[in-house]
Structures are given as C-alpha cells and as structure tokens.
Amino acid sequence: MKKFGLLVAGFIAAMVLISNLGPLVGLGVSLLVLYFVVKQFLKTDSTAAKIGWGIAGFIILMATASNVPAILGIAAAYVLYLVYKNWDKKEDVIREDNDPFVNFEKQWAQLNNK
C-alpha cells in the first residue's frame, strides 16, 4: 500500500514538473542574466553605465519575477527525489508475541538473574 501511495505521489509530482519546465528554464536563464548584470553593475565606475545596468537589471528582475510558478516545479522535483529515496526503504515492523510460553521464558530468565 505504501508503494501505491509513493507511485501516485511520484506521478503527480512528475506531471507538475513537466508542466513547469518552461517556467523553470525561463527562471534559470533570467537568473543567470541577472547575475551577470549585477556583476557588471558592481564593476562599472561610470554613473551613466550604472544607470543603464540598473535599468537592465530591473527589466531582468521583472522577467525573473514572471517565472515564479517555477517554484512549484522545484517543489515537484524535490517530491520526486523523496519518492525515489523512499522507494526501497524497508519498514521496521515490531511484533510482540502474546504467546504465554514466551512470556514464561522471559519471566523465568528474569527470576534466575536476580
């Protein structure tokens, strides 16, 4: 039953991830471009260049903000990772025997130790 739940969760997470591939790619590209714009902004000494890089950075930041649904894709990728990690995990089953002879053996061993 646990495997069925993991299979359903993995299927849903895979569908969410596939549907958010476009925003994920857009987010990655826009973050990369934003990183280079910020580096150029910090490097330059000219006021006009700083204004230009600032405007470019603001435009790229807005492009990055438009790809916020990609966060769902990142969460779906994490859920897929958890499903993969827990797929072959063994469950620890603790069984207690209510057999009276086993209990007698335990009590007899306790009496002999005292």
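Residues numbered from 1 in each chain as written. Predicted model: local features only at pLDDT ≥ 70, side-chain atom pairs only at ≥ 80, totals over all residues. Heavy atoms only, no water.

Q: Looking at this structure, how should I read the pattern of salt bridges?
A: Going through the model one piece at a time under the given rule, you end up with one salt bridge. Residues Asp 88 and Lys 3 are paired through a salt bridge, measuring 3.6 Å at the closest nitrogen-oxygen approach. You can see Asp 88 sitting in the loop between helix 4 (70-86) and helix 5 (100-113) and its partner Lys 3 sitting in helix 1 (residues 2-19), a full 85 residues away along the chain. When its relative accessible area of 40% is taken as the criterion, Lys 3 is described as partly exposed. (Salt bridge = Lys/Arg side-chain N within 4 Å of Asp/Glu carboxyl O. Helix = DSSP H or I, 4+ residues; strand = E, 2+ residues; numbered from the N terminus. Buried < 20%, exposed > 50% of the residue type's maximum accessible area, 1.4 Å probe, protein only.)

Q: Looking at this structure, I do not really get the packing of helix 1 against helix 2 (residues 21-43). What am I missing?
A: Each pair of packed helices can be summarised by the angle the axes make with each other and by the distance between the axes. Running from N to C, helix 1 and helix 2 cross one another at 55°; their axes reach a closest spacing of 4 Å. Between helix 1 and helix 2, the angle is such that the two are oblique. Between helix 1 and helix 2, the contacting residues are Leu 17, Ile 18 and Ser 19 on the first element and Leu 21, Pro 23 and Leu 24 on the second. Its residues assigned to classes, the contact of helix 1 with helix 2 shows five nonpolar, one polar and no charged. (Axes fitted to C-alpha atoms, helices over the stretch in contact; angles between N-to-C directions. Parallel < 35°, antiparallel > 145°, perpendicular 65-115°, else oblique. Contact = heavy atoms within 4.5 Å. Nonpolar A, V, L, I, M, F, W, Y, C, P; charged D, E, K, R; others polar.)

Q: Explanation requested: the UniProt feature "transmembrane region" (unreviewed entry) in the protein in the structure shown.
A: Per the UniProt record, "transmembrane region" (unreviewed entry) is annotated on residues 7-38 and 58-84. Spanning residues 7-38, this segment combines 97% helix with 0% strand, and its end C-alpha atoms are found 43 Å apart. (UniProt positions renumbered as here; feature names shortened; annotations may be inferred.)

Q: Please explain a nonpolar patch on the surface as it appears in this structure.
A: Together, Phe 4, Val 8, Phe 11, Ile 12, Met 15, Ile 18 and Leu 21 line one region of the surface with nonpolar side chains, adding up to about 700 Å² of accessible area. With six residues, the top contributor of residues to the nonpolar patch is helix 1. Along the chain, Val 8 turns up in helix 1. Relative accessible area serves as the criterion here: at 36%, Val 8 is assigned to the partly exposed category. (Patch = residues over 30% accessible without salt bridge, like charges linked within 9 Å, V, L, I, M, F, W, Y side chains within 5 Å. Areas by Shrake-Rupley, 256 points an atom, 1.4 Å probe, with all protein chains shown as cover.)

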